[in-house]
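An overview of the molecular structure
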Amino acid sequence: MREAELRRLLAANLLCAVSIVLTALVPALFLDGFSVLGTHLTWLCVCSVCVSVLNVTLCLILKPNPSSKRSSLSNKISRFLKCCIYFFMSCILFHAIIVLYGAPLIESVTETFLFAVLLSTFTTLQCLCLLGPNIQAWIRVFSRNGAMSIWENSLQITTMCSILGGWFGAFPIPLDWDRPWQVWPISCSLGATFGYMAGLIIAPLWIHWNRKQLTYKSR
């Protein structure tokens, strides 16, 4: 394992974590009354857009999964459209799963969908940036010992941390504490966000700690 590659991963992950912190601070300079809790839907939109733009930009600059084949313009357009469709389908799927886990079906539809978009940004978008619209590659990465690079190990960790964070975030909602952050879906989205940020930090540390045991098969 090359140390330079691990440093690139650490820098990219820290940049993503810092960008999330900035989404809670910078908009307040331009939007009156903005706060993560008070205008939570606005923050969900800002966070999803900023994280998406940054991840796509980092993917284009760092090229963590370079392809030896040169693709034509038509193939690139087709790949881009597939990625958009996959992302939208992921939002719909997450929305349905969240409803099945107890979210309001008719009420708070906007809140639930924006939470689903945030989860898709933390999970599906990462898969699309790293692996493209290739379901078989997704299944390989999330199977046992399926990672073929440190970037795929990081993808595994950040995805699981995001989903677990969103799940644990639902625990305080039914409690009668009457706190503003118990309003749907604030605790869940904050849990997913903290989980994603934790995954971004844990992934490079875990990879560095286990670097001698990690062996990657060639593609």
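Residues numbered from 1 in each chain as written. Predicted model: local features only at pLDDT ≥ 70, side-chain atom pairs only at ≥ 80, totals over all residues. Heavy atoms only, no water.

Concerning empty space enclosed by the protein
Put simply, the rule reads: In this analysis a 1.4 Å probe is tested at points of a 1 Å grid over the protein atoms alone, and where it fits but cannot get out there is a cavity; an open set with protein on both sides within 12 Å along at least five of seven lines is a pocket; lining residues have an atom within 4 Å of a point. Grid points are joined across faces, edges and corners, and a volume is the space filled by probe spheres set on the points. What counts as a helix is a DSSP run of H or I of at least four residues, what counts as a strand is a run of E of at least two, and both are numbered from the N terminus. Throughout, the ten residues Ala, Val, Leu, Ile, Met, Phe, Trp, Tyr, Cys and Pro are labelled nonpolar, Asp, Glu, Lys and Arg are labelled charged, and all others, Gly among them, are labelled polar.
Enumeration over the complete set of coordinates arrives at one cavity of 30 Å³ or more. There is about 280 Å³ of room inside the largest cavity. Around the largest cavity, the lining is made up of 18 residues, and of these Asn13, Asn55, Pro64, Gln126 and Trp151 lie nearest the centre. Those elements that place two or more of their residues in the lining of the largest cavity are α1 (3-25), α2 (40-62), α5 (124-131), α7 (150-169) and α8 (186-209). Of the residues that constitute the lining of the largest cavity, the class distribution is 13 nonpolar, five polar and no charged.

Quick word on the confidence of the model for the chain
For the record, the criterion: Every residue carries a pLDDT, the predictor's confidence in it, which falls somewhere between 0 and 100.
Looking at the chain as a whole, the pLDDT averages 90, with 96% of positions reaching at least 70. Here helix α6 (residues 135-141) is the element of the chain with the lowest mean pLDDT, 92, and helix α4 (residues 109-122) is the one with the highest, 96.

Describing the packing of aromatic side chains
We count it as follows: In this scheme Phe, Tyr and Trp rings, the latter by its six-membered ring, pair at centre separations within 6.5 Å, and the angle between planes marks the pair as stacked below 30 degrees, edge-to-face above 60, and tilted otherwise. Accessible area is worked out with a 1.4 Å probe on protein chains only. A residue is then buried under 20% of its type maximum, exposed over 50%, and partly exposed in between.
A complete count under the given rule lists six aromatic pairs for this structure. Residues Phe115 and Trp184 carry aromatic rings whose centres are separated by 5.8 Å and whose planes lie at 85 degrees to one another, so their mutual orientation is edge-to-face. Remark: Trp184 occurs in the loop between α7 and α8 and Phe115 occurs in helix α4; sequence separation between them is 69 residues. Like Phe115, the residue Trp184 is buried in the burial classification. Considering the side-chain rings of Phe122 and Tyr196, the 4.3 Å spacing of their centres and the 10 degrees angle between planes classify their relative orientation as stacked. Taken together, the positions of Phe122 in helix α4 and Tyr196 in helix α8 put the pair 74 residues apart, joining distant regions of the chain. In this structure, Phe122 and Tyr196 share a single accessibility class: buried. Three or more aromatic residues joined by ring pairs form one cluster here, namely Trp167, Phe168 and Phe171.

So, the packing of α4 against α5
Heads up, the condition is: As a rule, the C-alpha atoms of each element are fitted with a line to give its axis, helices using only the stretch in contact, and angles between N-to-C directions run from 0 to 180 degrees. Throughout, the term roughly parallel applies to angles under 35 degrees, roughly antiparallel to angles over 145, roughly perpendicular to angles from 65 to 115, and oblique to all others. Should any heavy atoms of two residues lie within 4.5 Å, those residues are counted as being in contact.
For the pair α4 and α5, interaxial distance at closest approach is 3 Å and the crossing angle is 30 degrees. Classified by the angle between their axes, α4 and α5 sit roughly parallel to one another. Contacts from Leu119, Ser120, Thr121 and Phe122 of α4 reach α5 at Thr124, Leu125 and Gln126. Among the residues forming the contact of α4 with α5, the class breakdown is three nonpolar, four polar and no charged.

Let's talk about the environment of Ser108
Along the chain, Ser108 turns up in the loop between α3 (73-100) and α4. Along the sequence, Ser108 and Pro185 sit 77 residues apart, while their C-alpha atoms lie 8.9 Å from each other.

As for the state of the cysteines
Cysteine pairs can be covalently joined through their sulfur atoms, and such a bond is termed a disulfide. How we decide: Any two cysteine sulfur atoms lying within 2.5 Å of each other are counted as a disulfide.
Counted under the stated rule, the structure contains zero disulfides. In this structure Cys129 is a free cysteine whose sulfur lies 4.8 Å from that of Cys59, the closest cysteine sulfur available. Cys161 takes part in no disulfide bond, and the closest cysteine sulfur to it belongs to Cys127, at a distance of 14 Å.

What about the pattern of salt bridges?
Definition in use: By definition here, a salt bridge exists when the distance from a side-chain nitrogen of Lys or Arg to a carboxyl oxygen of Asp or Glu is within 4 Å.
In the structure shown here, the tally under the stated rule is two salt bridges. Here Arg140 and Glu152 are joined by a salt bridge, their closest N and O atoms 3.0 Å apart. Pair noted here: Arg140 is in helix α6 and Glu152 is in helix α7, with a separation of twelve residues, a long-range link. A residue is classified by how much of its surface remains accessible, and Arg140, at 22% relative accessible area, is partly exposed. Given the relative accessible area of 0%, Glu152 is considered buried.

Quick word on α8
Convention followed: Helix span, as expected, comes to 1.5 Å for every residue beyond the first. What we call the bend at a residue is the angle made by axes fitted to the seven residues finishing there and the seven residues starting there.
Between its terminal C-alpha atoms α8 stretches 34 Å, which fits the 34 Å expected from 24 residues at 1.5 Å a residue. The largest bend along α8 measures about 30 degrees and falls at Ile202, with the proline Pro204 one to four residues further on.

Notes on the environment of Ile207
Its location among the elements puts Ile207 in helix α8. Residue classification places Ile207 among the buried positions, given a relative accessible area of 0%. C-alpha separation for the pair Ile207 and Ser154, spaced 53 residues apart in sequence, amounts to 8.1 Å.

Here we look at the side chain of His95
Counted only if it meets this: Whenever a nitrogen or oxygen atom comes within 3.5 Å of another N or O atom, the pair is scored as a polar contact, on the condition that within protein one atom can donate a hydrogen and the other can accept it, and that pairs from neighbouring residues in sequence are kept only if both atoms are in side chains.
Note on placement: His95 falls in helix α3. Side-chain polar atoms of His95 contact the backbone nitrogen of Phe113, separated by 3.4 Å. With sequence-adjacent residues up to four places away left out, His95 is seen in contact with Val109, Thr112, Phe113 and Ala116.

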